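Fold and geometry: a report
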Amino acid sequence: MTDIIETDAAAELRAEVAQLKEALAATTLLARRAADRGEVENLFNRYMFFHNAFLDERIIPLWVAEGTPGIRAQYTNAGVYTTWESVTRYHRGRPSPVGKLILHATTTPVIEVSGDGETARGVWIMAGTESGLTEPEQAATMPSDMYSPRDVQGKKVWAHWVWCKYAIDFLKQDGQWRIWRFRCFELARAPFEENWVSFGEKNQAAFDLDLMYFGDDGKPVFMPPADEPVQDASHPYSPSTVQQLQPEPPEPYATISEIDE
């Protein structure tokens, strides 16, 4: 009888240990996924802090390593960049002109880490301001409604509200999360003195242009030549259209192969 009791107790103990091991494994996985999500969010936040401070060269190491298959970036409807060199060229040589301000604040993240822990997907909404000064001769080559009515220091002023959405895929390399596939959807913008509805009506064509930024003295700088044409265009706000869910917030997924099929 004693042997039977001891056998039952040992069996119960083994079962309890097995349950504890299973619970520990699940808890460890949950903790790892939570840490991964936090690291991914920090990575994109660093991107935005550097970009706001005109330190885009510091963004380059946040991307996947040179030679990584599948790297891509799309910023406008002008084209898609599909090589490490063309993607990182966007971040090289960006000036920090006197009097220029960029303040992009990202919110509302939806981030999903893959079941295998190798990739992650996230979307963000951004609301911000962009402003600077342009020499009159440079301003004369641009649409006049981009500028404010009064000059500052003898220069034309551009001061815009801007709203965007981002959809980004991340890849873990050597234990570190890196930006892998990047998409910016500019939703709307408006000069400080004008509302986004009336400006949106006349600004539709701008989303298909390849203007990258205004450089020193407000000179326009255009995007590098794209590697591929856009297959899926962004749809900015227009008072004549209905809003679309673009991009779709990511759903839980096991591996990136599910998404890429």
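Look a little higher up for the structure.
Residues numbered from 1 in each chain as written. Predicted model: local features only at pLDDT ≥ 70, side-chain atom pairs only at ≥ 80, totals over all residues. Heavy atoms only, no water.

Looking only at helices and strands, the protein chain has five helices and seven strands in total. Listing every helix and strand of the protein chain by position from the N terminus yields α-β-α-β-β-α-β-β-α-β-β-α. Against the 2.2 N^0.38 benchmark of 18 Å for 261 residues, the protein chain shows a C-alpha radius of gyration of 24 Å, more extended than a compact globule. Each of the 261 residues in the protein chain was classed as buried or not, and the buried ones make up 41%. As presented, the protein chain carries roughly 14500 Å² of accessible surface, and 57% of it is formed by carbon and sulfur atoms. (Helix = DSSP H or I, 4+ residues; strand = E, 2+ residues; numbered from the N terminus. Rg over C-alpha atoms; globule rule 2.2 N^0.38 Å. Buried < 20%, exposed > 50% of the residue type's maximum accessible area, 1.4 Å probe, protein only. Areas by Shrake-Rupley, 256 points an atom, 1.4 Å probe, with all protein chains shown as cover.)

Here the focus is the pattern of salt bridges. Inspection of every chain in the model, using the stated rule, returns 15 salt bridges. A salt bridge links Arg32 to Glu39; the shortest N-O distance between them is 3.0 Å. (Salt bridge = Lys/Arg side-chain N within 4 Å of Asp/Glu carboxyl O.)

Before going further, it helps to examine the pairing of strand 3 (residues 119-134). When you tally the buried positions in strand 3, you get 13 out of 16 residues, the bulk of the element. Pairing analysis gives eleven bridges linking strand 2 (residues 101-113) to strand 3, with the strands arranged antiparallel. Paired with Leu101 across the strands is Ser131, a residue of strand 3. Linking strand 2 to strand 3, which pair antiparallel, is a turn of five residues; within it Gly117 sits at a positive phi near 75°. Where strand 3 lies against strand 4 (residues 156-173), 16 bridges are found, and the strand directions are antiparallel. Following the sheet pairing, Val123 is matched in strand 4 by Ala167. (Pairing = 2+ DSSP bridges.)

So, on to the nonpolar core. Of all hydrophobic cores here, the largest spans 39 residues; its most connected members are Phe44, Tyr47, Trp63, Tyr166, Phe170, Ile179 and Phe182. Among the secondary structure elements, those contributing two or more residues to this core are helix 1 (2-52), helix 2 (84-89), strand 2, strand 3, strand 4, strand 5 (176-191) and strand 6 (211-214). Those residues in contact with Trp63 that sit more than four places away from it in its chain are Ile71, Arg72, Ala73, Tyr75, Val87, His91, Arg178, Ile179, Trp180, Arg181 and Phe182. Met142, Met146, Tyr147 and Trp158 belong to the second largest nonpolar core, which has six residues in total. (Core = buried A, V, L, I, M, F, W, Y, C linked by side-chain atoms within 4.5 Å. Contact = heavy atoms within 4.5 Å.)

With that settled, the discussion passes to the packing of aromatic side chains. The relative placement of two aromatic rings is captured by the distance of their centres and the angle of their planes. Evaluated as defined, the whole model comprises twelve aromatic pairs. Arranged with centres 5.6 Å apart and planes meeting at 25°, the rings of Phe44 and Tyr47 form a pair that is stacked. A residue pair is termed a helical-turn pair when its members lie 3 or 4 positions apart in one helix, as Phe44 and Tyr47 do in helix 1 at three residues. Of the two residues, Phe44 and Tyr47, neither departs from the other in class, the shared state being buried. (Phe/Tyr/Trp six-rings, centres within 6.5 Å; stacked < 30°, edge-to-face > 60°.)

Take the environment of Glu16 next. Looking at the element boundaries, Glu16 is found in helix 1. Spatially, the C-alpha atoms of Glu16 and Glu228 are 58 Å apart, while their sequence positions differ by 212 residues.

Further remarks concern the environment of Ile259. Within the secondary structure layout, Ile259 lies in helix 5 (residues 256-260). Put simply, Ile259 and Trp177 are 82 residues apart on the chain and 19 Å apart in space, counted from C-alpha to C-alpha. Those residues in contact with Ile259, other than ones at most four positions away along the chain, are Arg121 and Tyr253.

We now examine the sheet that holds strand 4. Across the sheet, five strands lie side by side as 1-5-4-3-2; this open sheet has mixed pairing. The sheet is open, and its two borders are formed by strand 1 (72-74) and strand 2, each paired with just one other strand. The average angle at which neighbouring strand axes cross in this sheet is 15°, direction not considered. (Axes fitted to C-alpha atoms, helices over the stretch in contact; angles between N-to-C directions.)

Bringing the side chain of Lys165 into the picture now. Considering the arrangement of structural elements, one finds Lys165 in strand 4. Despite being buried, Lys165 has no salt bridge partner; Glu248 is the closest side chain of opposite charge, sitting 10 Å away. A polar contact is formed between the side chain of Lys165 and the backbone oxygen of Gln246, at a distance of 2.5 Å. When sequence neighbours within four positions are dropped, the list of residues in contact with Lys165 reads Trp124, Ile125, Arg183, Cys184, Phe185, Gln244, Gln246 and Pro247. (Lys, Arg positive; Asp, Glu negative; His and termini not counted. Polar contact = N/O pair within 3.5 Å; in protein donor to acceptor, adjacent residues only side chain to side chain.)

So, about the environment of Thr88. Within the fold, Thr88 resides in helix 2. Residue Thr88 is classed as buried on the basis of its relative accessible area of 0%. Sequence separation between Thr88 and Tyr75 is 13 residues, and the spatial gap between their C-alpha atoms is 12 Å. Within the structure, the side chain of Thr88 is placed 2.8 Å from the backbone oxygen of Trp84, a separation counted as a polar contact.

Distances and angles like these do not, on their own, reveal function.
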